[in-house]
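# Chains, contacts and geometry: an overview
Here are the chains, one letter per residue:
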Protein chains: 2
Amino acid sequence: MGPMAIKPVTIAFDVMGSDHGPAEVIRGAAQLSLESPHIHALLVGDRAVIDDVLAATRHSGERISVQHASGFIAMDEKPGEALARKPDASVSVAARLVAEGEADALVSAGNTGACVLACARHFQLLPGVRRAALAAVYPTRMRHGGKEDPFSLILDVGATVEATADDLVTFAVMGAAYARIISRNEQPKVALLSNGTESTKGPRHVVEAHARIAGLPGMKFLGNVEGVDIPKGTADVVVTDGFVGNVCLKMLEGVHETVFELAQYAHKESLRWRAGLAMLAGGIQRIKDITDWEQYGGAPVLGFDRIFIKAHGRSHARAIANAGKIAAKAAANELGKSIQQGLAR
Amino acid sequence: MGPMAIKPVTIAFDVMGSDHGPAEVIRGAAQLSLESPHIHALLVGDRAVIDDVLAATRHSGERISVQHASGFIAMDEKPGEALARKPDASVSVAARLVAEGEADALVSAGNTGACVLACARHFQLLPGVRRAALAAVYPTRMRHGGKEDPFSLILDVGATVEATADDLVTFAVMGAAYARIISRNEQPKVALLSNGTESTKGPRHVVEAHARIAGLPGMKFLGNVEGVDIPKGTADVVVTDGFVGNVCLKMLEGVHETVFELAQYAHKESLRWRAGLAMLAGGIQRIKDITDWEQYGGAPVLGFDRIFIKAHGRSHARAIANAGKIAAKAAANELGKSIQQGLAR
């Protein structure tokens with residue numbers, strides 16, 4: 001694969017409904033407009049709020065436009081009901097704009113269920129895809145791909161709860177295509193999550209998926225990996241169903257919380273420990289960098305004909321800007337086409 | 001519940017097939033014989049090896065006896081085939097002795113699959129139990145029960161891969177009975193692992209199990225917990241199927257490895273970091289204590305009429321001695337009866 005394309009692209013940002021409020025998302029888009037001349041940001045949400053925040057934030061006016069949307073879905077709302085009740089919710093308006101070609105990709109930090117559902121309503125599944133998957137990038141001990149990323153990709157992490165063998169095969173192809181484009185990893189190592197490395201381990205649909213992924217031409221398949229391989233980063237792409245993936249991803253978050261609670265505890269506990277922590281500051285920062293989801297920005301929903309990157313609900317401006325860059329990269333490099341080619345093999 | 005009973009009990013130790021070899025298991029039993037006057041250890045394995053190690057190890061001769069077994073199952077053998085081919089494997093001989101009443105419980109650090117299968121062949125499932133579960137004790141941020149244990153219990157972690165709603169309900173009852181006896185936790189908080197806290201979240205069998213566990217009298221049911229709650233320790237007992245539980249447990253191992261690899265790296269990297277680590281020694285030791293599975297010894301197989309404690313394959317003597325103590329406690333306090341009472345409700 002040659003150098004990555006940098007084509008001008010438009011990214012629609014659903015600015016509403018994130019944990020830190022619209023200002024944080026708008027500031028992220030503003031930052032992006034200063035950093036990335038090839039990206040145009042289309043901000044979708046309450047126009048008055050957007051204008052106010054932009055007026056107070058340094059940005060490149062020619063790379064930002066605004067589309068008013070009168071409603072939004074809150075984090076604690078039930079996705080299906082809320083979307084039905086609020087046809088003008090920002091996430092629906094933004095998805096519609098992308099579907100109509102007004103933008104090349106969608107970024108949101110709002111209610112994940114509502115995002116996935118809005119995509120399902122406005123986008124089309126790619127030919128051969130029965131179920132879309134929500135993927136997540138997470139920090140690992142080992143480094144990956146041409147950019148030496150300390151991240152792996154895991155999917156599905158909750159677009160749906162169950163998966164057939166067919167779905168798992170599709171997830172493998174989609175995850176590989178994404179890693180190829182986003183991590184500049186020409187031959188991503190793909191693995192199936194199971195309860196043992198032998199090909200016969202796991203529930204029936206996992207065993208069947210193993211045999212079929214192993215037979216895919218052009219796929220660098222490691223076979224099964226186990227839970228221990230997730231933090232290690234044995235594979236570049238870990239394939240599992242949405243229930244297991246969701247549990248794993250949230251466990252990683254819990255571990256991160258635990259490590260930093262222990263560090264805070266050590267800081268308070270004794271002067272000597274505090275001095276020790278200070279001396280380790282460089283090392284701790286390195287761990288923080290590795291386990292900090294903010295720097296890798298977003299998680300793609302894979303399987304639709306349009307690109308959607310879900311930023312974490314607690315994203316600050318920097319994470320939003322990074323999600324925008326990832327969305328632009330996926331769009332410019334025709335992620336959907338790449339997935340279709342993988343599925344056609 | 002009154003104070004715990006300390007009845008004299010006999011524990012059969014399968015001394016063969018662990019990662020560190022029979023000597024380590026024999027030394028664990030020897031240590032136990034010095035520490036716990038109410039426990040008699042019946043060592044099952046190669047008599048020549050056992051006699052040699054005992055001759056070189058301080059122990060209480062009157063609390064140790066030996067039963068020769070000519071074969072053993074190695075870690076990398078397929079459990080079913082190996083058990084069929086080796087009727088005199090130490091784990092089979094030990095399980096038979098327990099089934100015949102020669103010992104009250106079984107401890108092994110060998111091939112997990114072979115252990116569970118040997119139990120299934122020699123022990124009876126308790127009335128009302130359709131599927132046994134392998135439980136595991138793991139370290140958490142929060143403390144639990146009367147002993148302020150920094151551990152939670154998770155089950156099933158791999159006795160079987162799938163579970164019905166019925167099985168999950170049984171796992172909840174069995175886990176609660178075990179926590180009540182081993183952690184002196186009169187009202188253990190039981191939770192079901194899912195991809196969201198709402199009772200409607202998860203695959204169908206999880207949703208159904210939720211409704212049924214919620215209706216059990218005398219059960220302190222927290223409802224669903226998520227992956228983030230596993231390292232946190234929100235629940236005393238986490239209920240899930242063997243596939244998901246196995247992935248979670250191995251993820252915890254992987255995280256432990258990652259943290260200590262990073263600490264070693266910091267140690268090597270710079271003099272200043274090394275000094276910082278030294279100053280934090282007390283705190284790091286505390287983390288090590290918390291995440292060290294050796295001190296909590298073993299994982300029970302629940303659902304049979306006999307007690308079996310699986311020690312980790314990499315157990316050193318101390319972990320083996322602790323597994324023996326746990327087995328003795330479970331036997332003396334009639335774990336099986338307690339489970340049956342829970343299921344009868």
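So, a few notes on the structure that sits alongside this text. Since we're looking at a predicted model, the values are computed, not measured.

### Comments concerning the sheet that holds strand β9 (residues 237–239) of chain B
Residue and element names in this part refer to chain B. A sheet is described by the order of its strands in space; here eleven strands give the open sequence β3-β2-β1-β4-β11-β10-β5-β6-β9-β7-β8, paired in mixed fashion. In the strand order of this sheet, the two ends are held by β3 (64–68) and β8 (220–225), each with one partner. Averaged over neighbouring strand pairs, the angle between their axes works out to 30° when direction is ignored. Summarising the sheet, strand β10 (residues 298–302) and strand β11 (residues 307–311) pair through four bridges and their orientation is antiparallel. Within β11, the residue paired with glycine 298 across the bridge is alanine 311. Sheet strands in contact with helix α6 (residues 165–182) are β5 (133–144), β6 (149–155), β7 (189–193), β9, β10 and β11, and its direction is about 165° off that of β9.

### A look at unusual backbone geometry
Negative phi is the rule for most residues except glycine; trans is the rule for most peptide bonds. The omega angle of the peptide bond from leucine 155 of chain A to aspartate 156 of chain A is -10°, so this bond is cis rather than trans. By the element assignment, aspartate 156 of chain A lies in the loop between β6 (149–155) and α6 (165–182). In the Ramachandran plot, glutamate 334 of chain A falls in the positive-phi region, its phi being about 50° despite a non-glycine side chain. Residue position: glutamate 334 of chain A is located in the loop between α12 (317–332) and α13 (335–344). With phi around 50°, arginine 184 of chain B is a residue other than glycine that occupies positive phi space. Within the secondary structure, arginine 184 of chain B sits in the loop between α6 and β7.

### Quick look at helix α1 (residues 22–35) of chain B
Residue and element names in this part refer to chain B. Taking 1.5 Å per residue as the helical rise, α1 with its 14 residues ought to reach 20 Å, and the 20 Å between its terminal C-alpha atoms agrees with that figure. Listed as buried for α1 are Glu24, Val25, Ile26, Gly28, Ala29, Ala30, Leu32 and Ser33. Considering only its buried residues, α1 is in contact with β1 (9–14), β2 (39–45), α2 (47–55), β3 and α12 (317–332).

### Re the pattern of salt bridges
Taken as a whole and judged by the stated rule, the model has 22 salt bridges over all chains. Of the charged contacts in the structure, one is a salt bridge between arginine 212 of chain B and glutamate 208 of chain B, with a shortest N-O distance of 3.8 Å. Residue arginine 212 of chain B and its partner glutamate 208 of chain B are located together in helix α7 (residues 204–214), separated by four residues, close to a single helical turn. Here glutamate 208 of chain B falls in the partly exposed class, since its relative accessible area comes to 43%. The structure contains a network of salt bridges with shared partners spanning Glu77, Arg85 and Lys86 of chain A.

### Here's the deal with the pairing of strand β2 (residues 39–45) of chain A
All names here are of chain A. The element β2 is largely enclosed, with a buried count of six among its seven residues. In the sheet, strand β1 (residues 9–14) pairs with β2 via six bridges, with the strands oriented parallel. Looking at β2, one finds that threonine 10 is bridged to histidine 40. Handedness of the crossover is the feature at issue here: the chain leaves β1, passes through helix α1 (residues 22–35), returns alongside β2, and the resulting connection is right-handed. Relative to strand β3 (residues 64–68), β2 runs parallel, the two being bridged by five bridges. In the strand pairing of β3, alanine 41 is matched with isoleucine 64.

### A word on the sheet that holds strand β5 (residues 133–144) of chain A
As a general point, the strands of a sheet are linked pairwise by backbone hydrogen bonds and lie either parallel or antiparallel. Residues and elements named next belong to chain A. Judged by pairing direction, the sheet is mixed, and its eleven strands sit side by side in the order β3-β2-β1-β4-β11-β10-β5-β6-β9-β7-β8 without closing on themselves. Taken across any chain shown, the strands that pair with only one partner, and hence form the sheet edges, are β3 and β8 (220–225). Here the average twist between neighbouring strands, direction ignored, is 30°. For strand β7 (residues 189–193) and strand β9 (residues 237–239), the ladder comprises three bridges, and the chain directions are parallel. What sits directly across from leucine 192, in β9, is valine 239. Strands in contact with helix α5 (residues 112–122) are β4 (105–108), β5, β10 (298–302) and β11 (307–311); relative to β11, the strand with the most contacts, it is inclined by about 175°.

### So, the packing of aromatic side chains
Residue and element names in this part refer to chain A. Counted under the stated rule, the structure contains two aromatic pairs over all chains. Summarising the aromatic geometry, the rings of phenylalanine 123 and phenylalanine 304 are spaced 6.1 Å apart at their centres and angled 75° between planes, so their arrangement reads as edge-to-face. In this pair, phenylalanine 123 is assigned in the loop between α5 and β5 and phenylalanine 304 in the loop between β10 and β11, connecting sequence segments 181 residues apart. Using a relative accessible area of 3% as the deciding quantity, one classes phenylalanine 123 as buried. Taking the ring centre of phenylalanine 72 as reference, the NZ or CZ of lysine 86 above it sits at 6.0 Å.

Cut-offs and rules
Sequence order sets the numbering: in each chain, residues are counted from 1 along the sequence as written. Ligands are numbered from 1 and chains lettered from A, in the order in which they are written. In view of the model being predicted, local features appear only for residues whose pLDDT reaches at least 70, and side-chain atom pairs are presented and counted only at 80 or more, with totals across whole chains, interfaces and linings using the full set of residues. Each side-chain value is derived from all of the structure's non-hydrogen atoms; neither hydrogens nor water enter the calculation. Note on pairing: two strands pair once DSSP finds at least 2 bridges between them. Every helix listed is a DSSP run of H or I at least four residues long, and every strand listed is a run of E at least two residues long, numbered separately from the N terminus. Interaxial angles span 0 to 180 degrees and are taken between N-to-C directions of axes, which are lines fitted to C-alpha atoms, for helices over the stretch in contact. Residue contacts are defined here by distance: any two heavy atoms, one from each residue, within 4.5 Å place the two residues in contact. In this analysis, the expected span of each helix is defined as 1.5 Å times one less than the number of residues it contains. Throughout, exposure labels follow a simple rule: accessible area from a 1.4 Å probe, protein chains only, divided by the maximum for the residue type, with under 20% read as buried, over 50% as exposed, and the rest as partly exposed. Here, a salt bridge means any Lys or Arg side-chain nitrogen found within 4 Å of an Asp or Glu carboxyl oxygen. By convention a crossover is right-handed if, when the strands point away from the viewer, the path from the first strand over the helix to the second runs clockwise. Two rings belonging to Phe, Tyr or Trp (six-membered ring only in the last case) form a pair when the distance between their centres is within 6.5 Å. Interplanar angles under 30 degrees mark stacking, angles over 60 mark edge-to-face geometry, and anything in between is tilted. Here, a charge over a ring is recorded when the distance from Lys NZ or Arg CZ to the ring centre is within 6 Å and its angle to the ring normal is within 35 degrees.

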